[in-house]
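What the coordinates show
Here is how the chains run, residue by residue.
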Amino acid sequence: AEVHVLRIAKTGPRWHIFGDTAGCIEKMNFLADQGVFLELVQGDATGVDDDTLVNQSELKVLTRNQKLLVFFSVLIPNALTIILWSAMGVGFSIFGTFFPSSNNMLGNLLVFLATIIVLNMYLVDWHRWESMAQRGITLLVVIYVGCMGG
């Protein structure tokens with residue numbers, strides 16, 4: 001007796017057969033030989049099933065307060081970003097307070113060091129290292145040094 005395992009899952013309105021194409025076709029042919037027939041359905045050109053469509057009557061209209069909440073949830077963070085951190089607001093004076101222009105060369109040096117570390121990681125086949133801890137630590141160091149220099 002032969003044992004064939006066919007993994008089938010129902011996700012939403014569709015059934016899915018797991019595995020590679022050749023293996024699935026082989027298993028489906030075996031089932032057909034045993035008298036089990038699976039109906040294959042051709043989808044429409046849009047790829048949208050009737051089961052996944054949403055009726056307009058099921059949608060709820062936002063109240064006035066909900067619309068205001070969405071509006072201010074988008075407006076306030078964007079306005080603060082523009083006012084505090086951009087050249088249109090007070091961004092240059094804030095940057096100058098935290099990072100004097102004399103530190104520009106230090107930032108360039110850190111970006112250069114991050115670039116050298118990335119090149120060395122490529123040379124030593126970093127992506128093939130077996131230790132996930134070593135790979136993670138070196139990646140964090142490069143990202144940290146690059147962000148500090150930027």
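An account of the accompanying structure is given in this report. Every chain is numbered independently, its residues counted from 1 as its sequence is written. With the structure being a predicted model, the display of local features is reserved for residues of pLDDT at least 70 and the display and counting of side-chain atom pairs for 80 or more, all residues being used for whole-chain, interface and lining totals. To get the side-chain values, take all heavy atoms of the structure and skip hydrogens and water.

A few points about the packing of helix α4 (residues 104-123) against helix α5 (residues 132-149)
Put simply, the test is: All axes are obtained by fitting lines to C-alpha atoms, using only the stretch in contact for helices, and the reported angles, taken between N-to-C directions, cover 0 to 180 degrees. Helix and strand assignments follow DSSP, with helices taken as H or I runs no shorter than four residues and strands as E runs no shorter than two, numbered in order from the N terminus. Each angle gets one of four labels, with under 35 degrees taken as roughly parallel, over 145 as roughly antiparallel, 65 to 115 as roughly perpendicular, and the rest as oblique. By convention, the crossing between two helices is left-handed when the near helix turns anticlockwise from the far helix through less than a right angle, and right-handed when the turn is clockwise. We call two residues in contact when some of their heavy atoms are within 4.5 Å. Polar here means any residue outside two lists: the nonpolar Ala, Val, Leu, Ile, Met, Phe, Trp, Tyr, Cys and Pro, and the charged Asp, Glu, Lys and Arg; Gly therefore counts as polar.
Two elements in contact, α4 and α5, have axes whose closest approach is 7 Å; the angle formed by their N-to-C orientations is 155°. Comparing the axis directions of α4 and α5 gives the class roughly antiparallel. Crossing handedness for the pair α4 and α5: left-handed. In contact with Gly107, Leu110, Val111, Ala114, Ile117, Val118 and Met121 of α4, α5 contributes Thr138, Val142, Val145, Gly146, Met148 and Gly149. Each residue belonging to the contact of α4 with α5 can be placed in one class, and the counts come to 9 nonpolar, 4 polar and no charged.

Quick word on the packing of helix α2 (residues 64-85) against helix α3 (residues 91-98)
α3 packs onto α2 with a crossing angle of 60° between their chain directions and a minimal axis gap of 6 Å. Together, Ile83, Leu84 and Trp85 of α2 and Gly91, Ile94 and Phe95 of α3 make up the contact between the two elements. Taken together, the residues that form the contact of α2 with α3 break down as 5 nonpolar, 1 polar and no charged.

Digging into the packing of aromatic side chains
Going by this rule: Here a Phe, Tyr or Trp ring, Trp counted by its six-membered ring, pairs with any other such ring whose centre lies within 6.5 Å, and the pair is stacked when the planes are under 30 degrees apart, edge-to-face when over 60, and tilted otherwise. A positively charged side chain is recorded as over a ring if its NZ (Lys) or CZ (Arg) lies within 6 Å of the ring centre. The angle to the ring normal must also be within 35 degrees.
Counted under the stated rule, the structure contains 1 aromatic pair. Sitting above the plane of the Trp126 ring, Arg135 keeps its charged end 5.6 Å from the centroid.

Regarding the layout of surface pockets
Note the threshold: Throughout, the protein atoms alone are placed on a 1 Å grid, and a set of points is a cavity if a 1.4 Å probe fits but cannot get out or a pocket if it is open with protein on both sides within 12 Å along at least five of seven lines; lining residues have an atom within 4 Å of a point. Grid points are joined across faces, edges and corners, and a volume is the space filled by probe spheres set on the points.
If you add up the space inside the second largest pocket, you get close to 330 Å³. Lining the second largest pocket are 13 residues, with Phe99, Asn103, Gly107, Met148 and Gly149 sitting closest to its centre. Contributions of two or more residues to the lining of the second largest pocket are made by α4 and α5. If you tally residues by element for the lining of the second largest pocket, the top one is α4, at 5 residues. When the residues that make up the lining of the second largest pocket are grouped by side-chain class, the tally is 6 nonpolar, 7 polar and no charged.

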